[in-house]
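# Residue-level structure breakdown
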Amino acid sequence: MSSSTVLANNPPWKTPAKRAVTLPSSALSAPPVPPPRSASLTHEEPTHEEPKPDEQVGGHGGGIVFMGDGRLAKRSELREMAFYENTERFRILRTKGALQPELAQFIDFVPHYYGSLAENLKAQHEQKLKRGEHSELPPEAHEADPEHPMILMEDLCFPFKKPCVADIKLGPKLYEDSATTYKKTYMTAYAAATTADQLGVLVSGYKIWDPSTKSYAKYPKKYGYSLTVNTWPLGLRTLFSDSRNKLVFRHTIPPLIARLKRLQNAVQHMQGHRMISSSILIIFDGAPVTESHHAKSDADVPKPADVEKTVDLRVIDFNHSYYEGTSKAGYTGIDDNYLYGLETLIRTLEVVYRMPFDGPPATGKGFRLRRRTTEPKAEDPEVVAAAKRNEEAWTAWWADPAVVSIMHRKTEGKEGKDIATQAAAAGSAAAVAAAGAVGTAIHVSGAVPAMQGAVESMRKWWKVDKEKEAAAAGAAAEEGKH
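Residues numbered from 1 in each chain as written. Predicted model: local features only at pLDDT ≥ 70, side-chain atom pairs only at ≥ 80, totals over all residues. Heavy atoms only, no water.

## Topic: the nonpolar core
Core analysis: the largest hydrophobic core is formed by 76 residues, its most contacted members being Phe106, Leu236, Phe240, Ile280 and Leu345. Here the element with the most residues in this core is helix H10 (residues 336-353); it accounts for eight residues. Contact partners of Ile280, with chain neighbours within four places excluded, come to Ala166, Asp167, Ile168, Leu170, Leu260, Leu263, Leu313, Arg314, Val315, Tyr338 and Leu345. Residues Tyr175, Tyr186, Tyr190 and Tyr225 belong to the second largest nonpolar core, which totals nine residues. (Core = buried A, V, L, I, M, F, W, Y, C linked by side-chain atoms within 4.5 Å. Buried < 20%, exposed > 50% of the residue type's maximum accessible area, 1.4 Å probe, protein only. Helix = DSSP H or I, 4+ residues; strand = E, 2+ residues; numbered from the N terminus. Contact = heavy atoms within 4.5 Å.)

## Section: helix H4 (residues 117-130)
With 14 residues, H4 should reach 20 Å at 1.5 Å per residue; the first-to-last C-alpha distance of 20 Å fits that figure. Listed as buried for H4 are Leu117, Ala118, Asn120, Leu121 and His125. All buried residues of H4 fall inside an arc of 165 degrees around its axis, so they share one side. Facing away from the buried side of H4 by over 90 degrees, the exposed positions are Glu119 and Lys130. (Expected span 1.5 Å × (residues − 1). Arc of directions from axis to C-beta.)

## Observations concerning the sheet that holds strand S4 (residues 113-116)
Across the sheet, four strands lie side by side as S2-S3-S5-S4; this open sheet has antiparallel pairing. For this open sheet the edge positions go to strand S2 (64-66) and S4, each flanked by a neighbour on one side alone. Neighbour-to-neighbour, the strand axes of this sheet turn through a mean angle of 20 degrees, independent of strand direction. In terms of strand pairing, S2 meets strand S3 (residues 71-75) through three bridges, oriented antiparallel. Bridge pairing in S3 links Val65 to Ala73. Each of S3, S4 and strand S5 (150-154) touches helix H2 (residues 78-95); the most contacted strand, S4, lies at about 135 degrees to it. Those strands touched by H4 are S3, S4 and S5, and its axis lies near 85 degrees from that of S4. (Pairing = 2+ DSSP bridges. Axes fitted to C-alpha atoms, helices over the stretch in contact; angles between N-to-C directions.)

## Description of the environment of Lys169
When you line up the elements, Lys169 lands in strand S6 (residues 163-170). For Lys169, a relative accessible area of 15% translates into the label buried. For Lys169 and Ser277, which are 108 residues apart along the polypeptide, the C-alpha to C-alpha distance reads 6.3 Å. Setting aside residues up to four positions removed in sequence, Lys169 forms contacts with Leu174, Gly200, Val201, Leu202, Ser204, Ser277, Ser278, Ser279 and Asp317. At 3.1 Å, the side chain of Lys169 and the backbone oxygen of Ser277 are in polar contact. (Polar contact = N/O pair within 3.5 Å; in protein donor to acceptor, adjacent residues only side chain to side chain.)

## Brief notes about the packing of aromatic side chains
All chains considered together, the criterion is met by 16 aromatic pairs. Considering the side-chain rings of Phe83 and Phe318, the 4.3 Å spacing of their centres and the 15 degrees angle between planes classify their relative orientation as stacked. With Phe83 in helix H2 and Phe318 in the loop between strand S11 (311-316) and strand S12 (321-322), this residue pair connects regions lying 235 residues apart in the sequence. For Phe83, a relative accessible area of 2% puts it in the buried group. By relative accessible area, Phe318 is classed as buried at 0%. Note on Tyr206 and Tyr219: the rings are 5.9 Å apart at their centroids and 65 degrees apart in plane angle, and the pair reads as edge-to-face. Separated by 13 residues along the polypeptide, Tyr206 in strand S7 (residues 201-210) and Tyr219 in strand S8 (residues 215-219) bring together distant segments of the chain. Residue class for Tyr219 comes out buried when judged on its relative accessible area of 3%. Taken together, the aromatic side chains of Phe83, Tyr84, Phe90, Phe106, Tyr113, Phe318 and Tyr323 make up a single cluster linked through ring pairs. Lying over the aromatic face of Trp209, Lys162 brings its terminal NZ or CZ to 4.6 Å of the ring centre. Positioned above the aromatic ring of Tyr216, the side-chain terminus of Lys207 is 4.8 Å from the ring centre. (Phe/Tyr/Trp six-rings, centres within 6.5 Å; stacked < 30°, edge-to-face > 60°. Lys NZ or Arg CZ within 6 Å of the ring centre and 35° of its normal.)

## Considerations on unusual backbone geometry
Here Lys214, not a glycine, exhibits a phi torsion of approximately 55 degrees, which is positive. Among the structural elements, Lys214 can be located in the loop between S7 and S8.

## Focus: the packing of helix H9 (residues 253-267) against H10
Look at H9 against H10: their axes get within 10 Å of each other, and the N-to-C directions meet at 160 degrees. When the interaxial angle is binned, H9 and H10 end up roughly antiparallel. The interaxial crossing formed by H9 with H10 has left-handed handedness. Where H9 approaches H10, its residues Ile253, Pro254, Ile257, Leu260, Lys261, Leu263, Gln264 and Val267 are matched on the opposing element by Tyr338, Leu339, Leu342, Glu343, Leu345, Ile346, Leu349, Glu350, Val352 and Tyr353. (Parallel < 35°, antiparallel > 145°, perpendicular 65-115°, else oblique. Left-handed = near helix turned anticlockwise from the far one by under 90°.)

## Describing helix H5 (residues 181-192)
When the terminal C-alpha atoms of H5 are compared, their 16 Å separation across 12 residues agrees well with the 16 Å that a helix rising 1.5 Å per residue should span. Those residues of H5 that sit buried are Lys183, Thr185, Tyr186, Met187, Thr188, Ala189, Tyr190 and Ala191.

So this is what it looks like as structure tokens:
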């Protein structure tokens, strides 16, 4: 099966069967009812496989070919090609000092683009003929699907030995203003059924190098779909944890936050720019953490001498992205939709960085995002003491003033356009409620109420689990008396 066939059978708006939303053909304008959200904080186990550095994370299977030379071939669309071509023109203008500072800063987050695969193959063929060498045009030099050409771009994972990768989509609004009524309704329900609507973030996939098992743990799209406002902070923590749920990659978080803030500063000053349904690609090298099986704290985790060189962060997926003046919609103002998700991601990373090294206590079904490979014996004094210390650490985290201040911190910057009207037209009740809470204009810090709710929900689960545990212990004690 060709790459184009695979992509045709897997359009970007296709929802997995588990969370499928069906629209009646007779009422395309009526918003479909999203499936009920599960209250459980447990998730399916990740798959563990042998190391495969050249592997796609998120996106749509069959659309990427790794060239092995620092480039990759990716099935694209003409709109995305236009965005990349404009970016390369801006790179040239930057060398001449003819580019505004914010735009010059932004293009550093866009992967390098090397043209279409077909054009590159034809150029190589012509060069060989000029040198008098025998050459035949490969089949890939004749683009089978001109509307969805294969393009060559920078392979961002190539510099890393054990790349850990996360693909996170940003923004509660996942469609363009020019989209059909069906597409708007469908994508609104899609966002409402995931974390996109309330938090402006949606995990498309993780691939994490696990130093304790010497294998990759893969979290597919359905993992991101299963996350809720309750579980989002711990879901992001998973990216920086090993199979024992220990935060072994905590050291990569500060440089990632610094990069996100630089990106945020650039986007806040780019008028008429839009990145709809675009993603952030987080990459860090898992190779420096050679062993974590015996680690009991951050001090036991080996770290690289220069952490900055082991992390990267880029913006990807530009099928619905436009620079100022390049869209028929004539967008004006800043991209408040994108900034909403960006603010959520920054604050959540700051919260995750302050979490205890060990994962949350596995009381009942709460917070246990991964099963332990072996259950410790409760009577082991050392295990009991370690569990008590961990419980105290998480109890302190709930009340950490730094965590509270992150949730309530005001973001300096411009207010976004009034998207309450757009949200109402799309049927996004959560966005409308948020707009009503803070005024007609949604500030770029509009993610605060949702994030604050996420932490509060976690605290409630913690309290309920502890009460259940205490009740069960009391019942067992009473039973023992009889």
